[in-house]
Amino acid sequence: MLLVFSMGFMPIAAITPKHSKTGKKKSKTSAVTTKKVKVEQSARNIEVETTDGNIIALPQMKQTLEDHSTLFSLSNNLMADAGISRSLDAIQKHMIEIKEMQELSSQLGVAIKDVSFLPLYREAADWLGTRYRRGGMSRKAVDCSGFTNIIYKNVFGQQLDRVSTTIAKNVKESILEKEDLIPGDMVFFSTFNKKYINHVGVYLGEGKFIHASIKYGVIVSSLAEGYYSKTWRKGGRN
């Protein structure tokens, strides 16, 4: 009797075919599906005669190979790889931005720490050295209000008035304290006996601004300089 039951419930491993060994190198590619053994009881029984002549019915077990999908785990692996790739791209982008901030800081003389202001600093640095000409609005020559107009159009997508006096009058927010200025704010001056505003520039940070100077063209100056400290009127923000 023990012999009969042993035959009926033969271990799966005993009937699983072994893979033949070959001299070929195993492929490193991952299979999309694998096989697993499925064991289930058949509707038919096996009739076995015992040594004492009795007939007993034993359940017949059916073993089949079925596909076991690994698509879900494969998908997870692919998503994980994509996440790593995105992280590496983000790190590389950040390193490039850091290098660019260092270069622009050297050009403009302002320590750039906020990457969100990079478009402003790029545009500002690109105009350094452009000569001054009253009424000019090109790479060949530009005046103070023309330069500020170009910065605001290219960086912020805003169209300003053409004359510094009108620009100052129409700002959405006037800033009276220099300490409250942030990069991108406009700075206004009265160089003719403080009668009216006739000069405008764009604030860069650390008390410095970029503007089109009559004598030097587009340069970076300091609000602390004697001349600009005396002629300062206000800041403006749109």
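Just above, that's the structure.
(A) Structural view of helix H4 (residues 118–127). Counting buried positions along H4 gives seven out of 10 residues, so the element sits mostly inside the fold. Buried within H4 we find Leu118, Leu120, Tyr121, Glu123, Ala124, Ala125 and Trp127. Two residues or fewer past H4, Gly129 is found with a positive phi of approximately 90°.

(B) Structural detail: the packing of H4 against helix H5 (residues 144–156). Interaxial distance between H4 and H5 falls to 10 Å at its minimum, and their mutual angle equals 140°. As for how H4 packs across H5, the hand of that crossing is right-handed. Taking contact as the criterion, the partners of Pro119, Leu120, Glu123, Ala124 and Trp127 in H4 are, on H5, Phe147, Ile150, Ile151, Asn154 and Val155. The class makeup of the residues in the contact of H4 with H5 is eight nonpolar, one polar and one charged.

(C) The arrangement of H5 in detail. If you check H5, its first and last C-alpha atoms are 17 Å apart, about what 13 residues at 1.5 Å a residue would give, namely 18 Å. Restricting attention to buried positions, one finds in H5 the residues Cys144, Ser145, Gly146, Phe147, Thr148, Asn149, Ile150, Ile151 and Tyr152. Two residues or fewer past H5, Gly157 is found with a positive phi of approximately 70°.

(D) Layout of a nonpolar patch on the surface. A contiguous nonpolar patch, built from Ile84, Leu88, Ile91 and Met95 and spanning about 420 Å² of accessible area, is present on the exposed surface. Looking at where Ile84 falls in the secondary structure, it is placed in helix H3 (residues 71–108).

(E) View of unusual backbone geometry. Phi at Glu206 is positive, roughly 55°, even though this residue is not glycine. Its place among the elements puts Glu206 in the loop between strand S7 (199–205) and strand S8 (208–213). Taking the relative accessible area as the measure of exposure, Glu206 reaches 52% and is therefore exposed.

(F) Fine view of the packing of aromatic side chains. Enumeration according to the criterion identifies eight aromatic pairs in this entry. Taking 6.2 Å as the distance between ring centres and 70° as the angle between the ring planes, the aromatic pair formed by Trp127 and Phe147 counts as edge-to-face. One end of the pair, Trp127, is in helix H4; the other, Phe147, is in helix H5, and 20 residues separate them in sequence. Between Tyr227 and Tyr228, the aromatic rings sit 5.0 Å apart at their centres with planes inclined by 80°, giving edge-to-face as the arrangement. Classification of Tyr228 as buried rests on a relative accessible area of 10%. Note that Lys234 overlies the ring of Phe188, its terminal NZ or CZ placed 6.0 Å from the centroid.

(G) Region of the structure containing the pattern of salt bridges. By the definition in use, this model includes five salt bridges. Note that Arg237 and Asp185 form a salt bridge whose closest N and O atoms lie 2.7 Å from each other. Of this pair, Arg237 sits in strand S10 (residues 232–237) while Asp185 is found in the loop between strand S5 (173–175) and strand S6 (186–189), placing the two residues 52 residues apart along the sequence. Accessibility expressed as a relative area gives 22% for Arg237, which makes it partly exposed. For Asp185, a relative accessible area of 2% corresponds to the buried category. Among the ionic contacts, a cluster of salt bridges with common partners joins Glu173, Asp185 and Arg237.

(H) Looking closely at the sheet that holds S10. The six strands lie next to each other as S5-S10-S6-S7-S8-S9, forming an open sheet whose pairing is antiparallel. If you trace the sheet from one side to the other, it starts and ends with S5 and strand S9 (217–222), each paired once. Taking each pair of neighbouring strands and ignoring which way they run, the sheet shows an average axis angle of 35°. Across four bridges, S6 lies against S10 in antiparallel orientation. Bridging from a neighbouring strand, Val187 pairs with Gly235 of S10. Most of the contacts of H4 go to S7, to which it runs at about 125°, and overall it touches S7, S8 and S9.

Here is what the cut-offs are and how they apply
Residues numbered from 1 in each chain as written. Predicted model: local features only at pLDDT ≥ 70, side-chain atom pairs only at ≥ 80, totals over all residues. Heavy atoms only, no water. Buried < 20%, exposed > 50% of the residue type's maximum accessible area, 1.4 Å probe, protein only. Helix = DSSP H or I, 4+ residues; strand = E, 2+ residues; numbered from the N terminus. Axes fitted to C-alpha atoms, helices over the stretch in contact; angles between N-to-C directions. Left-handed = near helix turned anticlockwise from the far one by under 90°. Contact = heavy atoms within 4.5 Å. Nonpolar A, V, L, I, M, F, W, Y, C, P; charged D, E, K, R; others polar. Expected span 1.5 Å × (residues − 1). Patch = residues over 30% accessible without salt bridge, like charges linked within 9 Å, V, L, I, M, F, W, Y side chains within 5 Å. Areas by Shrake-Rupley, 256 points an atom, 1.4 Å probe, with all protein chains shown as cover. Salt bridge = Lys/Arg side-chain N within 4 Å of Asp/Glu carboxyl O. Phe/Tyr/Trp six-rings, centres within 6.5 Å; stacked < 30°, edge-to-face > 60°. Lys NZ or Arg CZ within 6 Å of the ring centre and 35° of its normal. Pairing = 2+ DSSP bridges.

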